[in-house]
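Now for the letters of each chain:
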Amino acid sequence: MPTIREVASRAGVSPTTVSHVINNTRFVSADARQRVLDAMAELNYRPNVLARSLRRGETRTLGLILPDSANPFFAEIARAIEDSAFRNGYNVILGNSENELTKEQVYVDVLVNKQVDGLIFVATGDHSPSLEQLVRDGLPVVVVDRRLTGLDVDTVLTDNLQGGLTATRYLLDLGHRRIACITGPSNLTPSAERVIGYRQALQERSLPVDESLIRKGDFHPHSGYLTVSQLLHSAPRPTAFFICNDMMAIGALRALAEAGLQVPQDCSLVGYDDIELASYVTPPLTTIRQDKNAMADATVQLLLERIADPGLPARTRILPIRLVERQSTRRIA
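On a predicted model such as this, the values are computed, not experimentally measured, just so you know.

**Student:** Sorry, what's going on with the packing of helix α1 (residues 4–11) against helix α3 (residues 30–43) here?
**Tutor:** How two helices sit against one another is set out by the angle between their axes and by the gap between those axes. Orientation of α1 relative to α3, taken along the N-to-C sense of each, is 120°, at an axis distance of 8 Å. Considering their axes alone, α1 and α3 lie oblique with respect to each other. Between α1 and α3 lies a crossing whose hand is right-handed. Taken together, the residues of α3 that come into contact with α1 (itself represented by E6, V7, R10 and A11) are R35, V36, A39, M40, E42 and L43. Classifying every residue of the contact of α1 with α3 gives six nonpolar, no polar and four charged.

Right, here's the structure in full:
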């Protein structure tokens, strides 16, 4: 590869001048700057960005650990974070923990060894030993979509309790009274808070909470399919379902179809997340929207601020949710 001295010789300037052009660290006349740029192009010279970044104590790279990149919600979050980071001059390295603490720790070690400037973390559960160690070690970290107990760390969430309230109130306003709720894993705060919202909405209308109508899934389509299939055997069967993510709701659509029930004529369905696929299923899914772009922008902003000033107090951003009405719900008498 050509060296900075060869560029300087071709341009008729000193190596120091070439360095100032590359790093924009001192005024260089327009003529000299152009000669340097022309020489770099002719020699196909590329600055060693990594070496320069390491000398400055930065790599302009962020790490991102997700629990399940096959879940479209997390895939869309990852894409939005990558776009936001790129706009701010950073690259992103992605690791998928597959909801395994051991694999989560491996990816943490890999990313730290890559000398990332900061880490964006969607934890496997509400407790993460690897993340606790990172915070103690002083690596800038932001946690997304999880509220980790006992850990003083920057966090970005959406208002999950309000999401559960909004979804359930909406179904109640449509006339439904026997509303089932399919939750996610109990060790994840987003799921738990959505169920709290579901319970509060029923209590607001002085309706009893039937515990038999609350079933736990795992945020994958098959669990939505299984739990709804089971609930359809209850008497009387639910007239509506609030399902705590869109992927389980898509599984529920299949269960209802196999049972010979039409949505929304025989049963209404509200999902959660508003993944892109939600508007393409049949019928298009009414759902609670989490703004992935807003989550990504808030996350990257907090992380870059933390990188610039490690002494900042821990901050939490809770972003609003929105009901998106489509064709999977209808009013009943």
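After that view of the structure, there is still more to cover.
**Student:** Help me understand the pairing of strand β8 (residues 240–243), please; the structure alone is not making it clear to me.
**Tutor:** Because side chains alternate across β8, one face comprises the buried residues A240 and F242, and the other comprises F241 and I243, equally buried. Across four bridges, strand β6 (residues 179–183) lies against β8 in parallel orientation. Its bridge partner being in β8, I179 is matched across the sheet by A240. Inspection of the sheet shows β8 paired to strand β9 (residues 268–273) by three bridges, in the parallel sense. Residue pairing across strands places F241 opposite L269, the latter belonging to β9. As for the winding sense of the linkage, the β-α-β connection from β8 through helix α11 (residues 246–258) to β9 is right-handed.

**Student:** Could you clarify how one ought to interpret the nonpolar core in this entry?
**Tutor:** Soluble globular proteins: nonpolar side chains tend toward being buried together. Residues Y198, V228, F241, F242, I243, L256 and L269 are the most contacted members of the largest nonpolar core, which totals 70 residues. Non-local contacts of F241, meaning those with residues more than four positions away in its chain, are made with L171, A180, V228, L231, L232, L256, C267, S268, L269 and V270. Counting residues in hydrophobic clusters, the runner-up holds 13 residues, among them V108, V143, L148 and L151.

**Student:** I tried to follow the packing of helix α8 (residues 160–173) against helix α9 (residues 189–204) on my own but got confused; where do I start?
**Tutor:** Remark: α8 packs on α9, axes separated minimally by 6 Å, with the N-to-C direction vectors making an angle of 40°. Considering their axes alone, α8 and α9 lie oblique with respect to each other. Our pair here, α8 against α9, has a crossing hand that is right-handed. Only P190, E193, R194, I196, G197, Y198, Q200, A201, L202 and E204 of α9 make contact with α8, whose side of the interface consists of N160, L161, G164, L165, T168, R169 and L172. Here the contact of α8 with α9 is composed, by residue class, of eight nonpolar, five polar and four charged.

**Student:** Would you mind going over the side chain of K292 with me for this structure?
**Tutor:** Following the sequence through the fold, K292 ends up in helix α12 (residues 292–308). Of the residues examined, K292 reaches a relative accessible area of 8% and is grouped as buried. Reaching out from K292, the side chain makes a polar contact with the backbone oxygen of D273 at a distance of 2.9 Å. Ignoring any residue separated from it by four or fewer positions in sequence, one finds K292 in contact with F73, E76, I77, A80, D273, D274 and I275.

**Student:** Looking at this structure, I do not really get unusual backbone geometry. What am I missing?
**Tutor:** For residues that are not glycine, phi is negative in most cases, and the peptide bond is trans in most cases. Residue A235 is joined to P236 through a cis peptide bond whose omega torsion reads -5°. Relative to the elements of secondary structure, P236 occurs in the loop between α10 (221–231) and β8. Although it is not a glycine, R60 sits at a positive phi angle of roughly 55°. Note on placement: R60 falls in the loop between α4 (49–56) and β1 (61–66). With relative accessibility at 29%, the residue R60 sits in the partly exposed group.

**Student:** Any chance you could explain the pairing of strand β3 (residues 118–121) here in plain terms?
**Tutor:** Where a strand is regular, its side chains alternate between the two sheet faces. Side-chain alternation along β3 places G118 and I120 on one buried face and L119 and F121 on a second face that is also buried. Relative to β3, β1 is paired through four bridges, and the arrangement is parallel. Across the sheet, the residue bridging to I65 is F121, located in β3. Bridge analysis of β3 against strand β4 (residues 141–144) gives three bridges, and the strand direction is parallel. The partner of F121 across the bridge, within β4, is V143.

**Student:** So what exactly am I meant to see when it comes to the sheet that holds strand β11 (residues 316–319) here?
**Tutor:** Two orientations exist for strands paired in a sheet by backbone hydrogen bonds: parallel and antiparallel. Here six strands make up an open sheet; going across it, the order is β2-β1-β3-β4-β5-β11 and the pairing parallel. Since the sheet does not close on itself, it has two edges, and those belong to β2 (91–96) and β11, each with one partner. Between one strand axis and the next, the sheet turns by 15° as a mean value, whatever way the strands run. Relative to β1, helix α5 (residues 72–87) is tilted by about 170°, and along the sheet it contacts β1, β2 and β3.

**Student:** Looking at this model, I keep getting lost on the confidence of the model for the protein. Mind explaining?
**Tutor:** When pLDDT drops low, the exact placement of atoms in the prediction is not to be read closely. On average, the protein scores 89 in pLDDT, and the residues at 70 or more come to 94%. Scored below 50 in pLDDT, residues 49–55 makes nine contacts in the model with residues more than four places away or belonging to other chains.

**Student:** Can you help me understand the side chain of E193 in this one?
**Tutor:** Looking at the element boundaries, E193 is found in helix α9. For E193, a relative accessible area of 15% gives the class buried. With sequence-adjacent residues up to four places away left out, E193 is seen in contact with R147, N160 and L161.

Definitions and limits used
Residues numbered from 1 in each chain as written. Predicted model: local features only at pLDDT ≥ 70, side-chain atom pairs only at ≥ 80, totals over all residues. Heavy atoms only, no water. Axes fitted to C-alpha atoms, helices over the stretch in contact; angles between N-to-C directions. Helix = DSSP H or I, 4+ residues; strand = E, 2+ residues; numbered from the N terminus. Parallel < 35°, antiparallel > 145°, perpendicular 65-115°, else oblique. Left-handed = near helix turned anticlockwise from the far one by under 90°. Contact = heavy atoms within 4.5 Å. Nonpolar A, V, L, I, M, F, W, Y, C, P; charged D, E, K, R; others polar. Buried < 20%, exposed > 50% of the residue type's maximum accessible area, 1.4 Å probe, protein only. Pairing = 2+ DSSP bridges. Right-handed = clockwise from strand over helix to strand, strands pointing away. Core = buried A, V, L, I, M, F, W, Y, C linked by side-chain atoms within 4.5 Å. Polar contact = N/O pair within 3.5 Å; in protein donor to acceptor, adjacent residues only side chain to side chain. pLDDT = per-residue confidence, 0-100.

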